[in-house]
Amino acid sequence: MKPEKALLAVLAIAVASTLTSCYSAEEDVPEEPSPTLCEVTLRHNAFNFYQEDYGGETRAALTDESAAKLKALTVCIYENENTLVFNETQYRKDFTSNPGAFGIFTTDLPEGNYTLVSVGYESEDTPITLNSPSHVILPKPFIDAWSATEAITASTAGSVNKNLDLVLAVTHIVLTSTDLPTEDAAYVRIHLSAGSGKEFDPYTRNSINTTTNGDIKIDCPVSILTNDDGYFVFDKSFLIPTTPTDINVSFDILDSNSTVLRSYDLGSFSFKRGGINRFTGPIFSAVGNFSFTATTNWVENESKEF
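In what follows, the accompanying structure is described. Numbering of residues begins from 1 in every chain and follows the order in which that chain's sequence is written. Local features in this predicted model are restricted to residues whose pLDDT is 70 or higher, and side-chain atom pairs enter the listing and the counts only when it is 80 or higher, whereas totals over whole chains, interfaces and linings include all residues. The basis for the side-chain values is all heavy atoms of the structure; hydrogens and waters are excluded.

Here we come to the overall build of the protein chain. Numbering goes from the N terminus for both helices and strands, where a helix is a DSSP run of H or I of at least four residues and a strand is a run of E of at least two. Along the protein chain, the regular secondary structure elements total two helices and 21 strands. Any residue under 20% of the maximum accessible area for its type is buried, any over 50% is exposed, and the rest in between are partly exposed; the area is computed with a 1.4 Å probe on protein chains only. Within the protein chain, buried positions represent 41% of all 306 residues. In the protein chain, the proportion of contacts linking residues at least 24 apart, taken out of those at least 6 apart, comes to 67%. Using the Shrake-Rupley algorithm and a 1.4 Å probe, accessible areas are obtained, with residue cover drawn only from the displayed protein chains. With the model as given, the accessible surface of the protein chain reaches about 16,200 Å², and the carbon-plus-sulfur share is 49%. We call two residues in contact whenever any of their non-hydrogen atoms come within 4.5 Å of each other.

As structure tokens, then:
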């Protein structure tokens, strides 16, 4: 046989042997076993939605009326703190026939360590946006919100059952007039020097600012926010950078063309998470030295005249 043909024959045999051995090796590779799953059940204690006590040591349960504002729950579970493996939202309105099931979440997870983030909020049909385990965006601004976070370990040793207590993340401001709105007053514009309407860290419950730089401006239609007696009542929740936080409060009276008619600077006040700051006075008719009272629900008899 000529050397060239002999070489070609040897190469053909070598290639054939390689293909055969590769084919056999692929056939012999065992399938990877499916990971063993662990059942994880999460429960949110009925009406045990807490607000931080003003002394910082204990927590007081909210009233049923306040807890009823919690209309949606979103639970997210992260692996390695940043890989989302579970995301589910429940709306209270979908559990009218079985209200006890609202707040119970069940899933199966492979063995491992996970980070749980749970957020409760005041929404009928729109879920939160969770940019990361530490950045929540509420579906709309100035609503009540709660959060809970916890590290969990899934193991074949047994199922995981967790009972979670959601903690209130917001503070409240209430502005009430002691006089009736004037005919030219169409809006009351509230200015708050710090905080956020809808972004916060569910771990610390501190506000996050990506658009407002910490300055909140809220335009409130007078015609909508008047009570049965005709007096203006503004009541909103918002998130603060830390608790307590000193925030300057001011407001403007605007006409239907958004022209500022009158402006009032009430000064700086301490806001606390879970607390309420109330401001009461002649919003529409005050001139010169006016009388305006500011009270909190955590410092007894604290008030300020303007």
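Let's shift gears to the nonpolar core. Residues grouped as a nonpolar core are buried Ala, Val, Leu, Ile, Met, Phe, Trp, Tyr and Cys residues, joined through side-chain atoms within 4.5 Å. The biggest cluster of nonpolar side chains holds 40 residues, and the ones touching the most others in it are Leu42, Ile77, Leu138 and Phe200. Of all the elements in the fold, those that place two or more residues in this core are strand S1 (37-44), strand S4 (72-79), strand S5 (83-91), strand S6 (104-110), strand S7 (112-121), strand S10 (145-154) and strand S11 (160-164). Ranked by residues supplied to this core, first place goes to S4 with six residues. With 28 residues, the next largest nonpolar core counts Ala185, Ile247, Phe251 and Phe269 among its residues.

A separate point is unusual backbone geometry. Cis geometry marks the peptide bond from Thr243 to Pro244; its omega dihedral reads 0°. Positionally, Pro244 belongs in the loop between strand S17 (233-238) and strand S18 (245-254). The phi dihedral of Phe142 is positive, around 60°, even though this residue is not glycine. At Ser258, a position not held by glycine, the phi torsion is positive, near 65°. Relative to the assigned elements, Ser258 resides in the loop between S18 and strand S19 (260-271).

The next subject is the pattern of salt bridges. A pair is scored as a salt bridge if a Lys or Arg side-chain nitrogen falls within 4 Å of a carboxyl oxygen belonging to Asp or Glu. One pass over the structure, following the stated rule, counts four salt bridges. In this structure, Glu124 engages Lys71 in a salt bridge whose closest nitrogen and oxygen atoms are separated by 3.4 Å. Of the two residues, Glu124 is situated in the loop between S7 and strand S8 (129-132) and Lys71 in the loop between helix H2 (64-67) and S4; the sequence distance between them amounts to 53 residues. Taking relative accessible area as the criterion, Glu124 reaches 37% and is therefore assigned partly exposed. Owing to a relative accessible area of 28%, Lys71 belongs among the partly exposed residues under this scheme. Between Asp219 and Arg189 there is a salt bridge whose closest N-O contact spans 2.6 Å. Residue Asp219 is found in strand S16 (residues 216-221), and its partner Arg189 is found in strand S14 (residues 187-192); the two are separated by 30 residues along the sequence.

Structurally, Leu116 is set in strand S7. Residue classification places Leu116 among the buried residues on the basis of a relative accessible area of 0%. In the structure, Leu116 is positioned 38 residues away from Tyr78 in sequence and 6.4 Å away in space, judged by C-alpha atoms. Apart from residues no more than four positions distant in its own chain, Leu116 is found in contact with Leu42, Val75, Cys76, Ile77, Ala148, Thr149, Glu150 and Leu164.

So, about the packing of aromatic side chains. Two rings belonging to Phe, Tyr or Trp (six-membered ring only in the last case) form a pair when the distance between their centres is within 6.5 Å. Interplanar angles under 30 degrees mark stacking, angles over 60 mark edge-to-face geometry, and anything in between is tilted. The tally for this structure, following the rule as stated, stands at five aromatic pairs. When the centroid spacing of 6.0 Å and the interplanar angle of 90° are considered together, the rings of Phe232 and Phe284 count as edge-to-face. Of this pair, Phe232 sits in the loop between S16 and S17 while Phe284 is found in the loop between strand S20 (276-281) and strand S21 (293-296), placing the two residues 52 residues apart along the sequence. Aromatic pair Phe238 and Phe271: ring centres 5.6 Å apart, planes at 65°, arrangement edge-to-face. Here the residue Phe238 occupies a position in strand S17, and Phe271 occupies one in strand S19, the gap between them amounting to 33 residues. In this pair, the class of Phe238 matches that of Phe271, namely buried.

Among the eight residues in S4, seven count as buried, and that is most of the element. Pairing between strands is defined by DSSP: at least two bridges between them are needed. Relative to S5, S4 runs antiparallel, the two sharing eight bridges. Bridge pairing in S5 places Leu73 opposite Gln90. Taking the residues between adjacent antiparallel strands as the criterion, S4 and S5 are bridged by three residues, where Asn80 takes a positive phi near 55°. Summarising the sheet, S4 and S7 pair through eight bridges and their orientation is antiparallel. The partner of Glu79 across the bridge, within S7, is Tyr114.

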